[in-house]
Amino acid sequence: MNSSYFFDSDVDGLDQSYSHPKYPLYSMDLDDKRNEKDILQWLESELGYLEQENEPRIRVMRRNLALYKGIQYQELESRIDARDRGNDRAQVIRKIVCNHLYDLTKNRASRLIKFKPAVAILPTNDELGDKVAAKVTKQLLDHIWYTQDFEGKIQTQLVTNAIVMGEAYLFIDWNKDKGDLSPAYVQAKKNAGKGKIPLLDENGQITKDGLGNDIYIERPVRVGDVEYKVILATEVLLQKKSKFVDVDYCFVREVVNAQELRAKYPEMASKIKDLDAQVYDYEKMELRPARGEQVVYTFWHRRSEMMDKGRKIVFIRDAILENEELPFSHDNLPFIRFTDIDYPGEQYGVSFYENIKPLTSTYNNLTNMLLRNIIMASHPKWMVPAGSVALDRLGNDLTIVQYKGPQPPVLATAPTVPGDVFSFRQKLLEEIQQISGVFGVSRGEPPPGIKAGVALQFLAEQESERYNELVLKYNDMILGIAQMTLAVAGDYYDESDERMIRVIGKDNQWMTKFFDVAYLEKDYDIRIQNSSALPRSVAARTQTLLDLNERFPDQFTGEQVIDLLDLAQSDKFVDGATVAVRAAQAETEELLKIGTGSVSEEVLAPKEYENHIIHWREHTRAVQEYSFKFQTPKEAQDRLINHILATEMLMLEQAAQNPLFQQEIDKLALFPMFYRSVAPAPSMEPVQPMAMTEGTGVPAGLPIVEPPGLPVNPAVGGEPQELVQQAMPSVEDQLGGAGPVTPTGGV
């Protein structure tokens, strides 16, 4: 098979026509070794057909990649364009490229990458065990993304590749050579000492080969782990369908060193030969001869109605290297695809480069025209008769024009470039930004006269509105990656591996813990978390939070503002209360675990140095949930209740020594919830009656005070008495006896 994968006219066999196989692959028994030749013939025929069909698309993607690198006036093979050739290179003005495509690509990619992969793993019911399993599974997903550098490298590669080439592929596979050393291998190596490690069978006996010799383990055995591979879209060929959702199989191409391939498949070493052809070098953007390499193809077929077991076949031109069922339980092809632009009726994605390539080419042509005109016309020219002056005394040849005839020498100056050219060039740049959806606000260039933060935030939001479609596809990609990652982990993770994952909290403190593989067997609902209404810009987010805190001082605490500003990751912004809350939540989670892997109550028992009030609040909050009463096992309930009871005992002991702590306890309405202390009973002695002074009704020993007299009206009867309060003096007396006050004649 001389594949058109090379796409070069110098390669023999390019004119060979391939047609779609007349019969489907599932019509053969793929497990029968006798059908291996027919299977290979079907694969070669279908592969050649798809390569011919995709040749124009792959050429376009490679051209876009060259433009992204700034190669516009050179061919893809980096040969110098004929327009740049000349006899005297000193007189040639090298063309320049204003690589706006690179800038626009980075801008569009950065706007997507700032949306962090916030994935929520939720249980399908309200059972406590499923809640804990969902939380721990989310920690496993974060651990895999950390070890794979998903947010730092893979995420950037996916988005950039999709924007440049129109689509990107992330293959989620299983690599048995990754991960930690197998516990069984570590134990076997310890038992063997410095000797060889034998390979044992299920019964613990040494495995033997066909000649009866013992088989030994030659290299370390690892537990394996999930592996992410970013494959360029030019190396992935999909089944020809009108819609991507209908695709059942695909081919993946990879250039591999022939010696490594023979070491991996020793039984097929005689058929693995060095490739005698050319392969495409993406670094130099040109074809180069193969150097001891071989092109390996992997055929993936998902589980479908006609092929319920799926298929994975690894082959080269002359032999099949692997042929097995699809090694995953999910029903999809083992990759997640992300596209830039989707046109109706087209199977593959399209890059936004296709919409602005003519504009960027025109912009660069104008730039080079301006450069040449300015260089040629901006210098004054000596117009002199030939042979009349010594040229080496006037300047170089660009500033002298010689002629024949009786004309005197003249120093002439010509106009350079009219202003309309610069104006048209600026208009082209504005058109490029408008079509690509990147404007001055996102590039740090606000419109003239707009300085208010609210106005800039409004413009940024309006610009992001056009980006919503791509953001939705991006979120769907993140969701698919999370689902497939957990599916592959569930297929291969084993309890005997004793896997340890890194758990990271808000304060970036790592905690290594064992992972229970049984958690992956639960049913989960994986969703993208809704983002907050706060601006994503750091400057706008800071200003918004400070304004809200100033206008509503009672609604936000200082700790909340610091946490929303993402400053809580530093130890300087974490107070004791925050640490106590996180510790109490971790204790609650561990106390509600039972069975294998659970921590004993003695280890989790409350200590004297802990903030018991905060711990009590967090523990009792979990007790009051509906799931604790009706869906939590009795053993787990008793563990948490006993812990709360011990906490209340320590709280009462501390309150007896600290009056301020007693005041804080008095504010807890439900305290104590479980602990009942033995308080002293109230005294039941009878109360003795007090002796009263005879005829007064006043207790003996107290002075008798006469009540003040009351005024009596003489007309009614009775003897008048003095008023309790004296009469108020007149105004004249208060003013010093000056007589009546005479009103003034005017105001």
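Note that the structure is a prediction, hence the values are computed from the model and not measured.

1. Some thoughts on the confidence of the model for the chain
Taken over all residues, the pLDDT of the chain has a mean of 77, while the share at 70 or more is 72%. In this model residues 75–88 is a low-confidence stretch, pLDDT under 50, and it forms 25 contacts with partners more than four residues away in sequence or in other chains. Here residues 678–684 is a poorly scored stretch, pLDDT under 50, and it has zero contacts once near neighbours within four places are set aside; other chains count.

2. Topic: the environment of Asp 31
Here Asp 31 is to be found in the segment before α1 (36–68). We classify Asp 31 as exposed; its relative accessible area is 52%. Within polar-contact distance, the side chain of Asp 31 engages the side chain of Arg 311 at 2.5 Å.

3. What about helix α4 (residues 150–165)?
Listed as buried for α4 are Phe 150, Ile 154, Gln 155, Leu 158, Val 159, Thr 160, Asn 161, Ala 162, Ile 163, Val 164 and Met 165. The N-cap residue of α4 is Asp 149: its side-chain oxygen and the backbone nitrogen of Gly 152 are 3.4 Å apart. Among the residues trailing α4, Gly 166 stands out with phi positive, at a value near 100°.

4. Here's the deal with the nonpolar core
Membership of the largest hydrophobic core comes to 115 residues, with the highest contact counts inside it found for Tyr 228, Phe 315 and Ile 481. Element by element, the count of residues in this core is highest for α1, at 13 residues. Once residues lying within four places of it in the same chain are set aside, the contact partners of Phe 315 are Leu 40, Leu 43, Leu 47, Phe 251, Val 295, Val 296, Tyr 297, Phe 299, Ile 320 and Leu 321. Counting 18 residues, the second largest nonpolar core, distinct from the first, contains Val 623, Phe 628, Ile 644 and Ala 655.

5. Looking at the environment of Tyr 353
Of note, Tyr 353 is situated in helix α7 (residues 353–377). Residue Tyr 353 is classed as buried on the basis of its relative accessible area, which comes to 0%. Placed 289 residues apart in sequence, Tyr 353 and Asn 64 show a C-alpha to C-alpha distance of 7.0 Å. If we skip the residues at most four places from it in the chain, Tyr 353 touches Asn 64, Tyr 68, Leu 101, Thr 105, Ile 163 and Val 164. Polar side-chain contacts of Tyr 353 include one of 2.6 Å to the side chain of Thr 105.

The rules we used
Residues numbered from 1 in each chain as written. Predicted model: local features only at pLDDT ≥ 70, side-chain atom pairs only at ≥ 80, totals over all residues. Heavy atoms only, no water. pLDDT = per-residue confidence, 0-100. Contact = heavy atoms within 4.5 Å. Helix = DSSP H or I, 4+ residues; strand = E, 2+ residues; numbered from the N terminus. Buried < 20%, exposed > 50% of the residue type's maximum accessible area, 1.4 Å probe, protein only. Polar contact = N/O pair within 3.5 Å; in protein donor to acceptor, adjacent residues only side chain to side chain. Core = buried A, V, L, I, M, F, W, Y, C linked by side-chain atoms within 4.5 Å.

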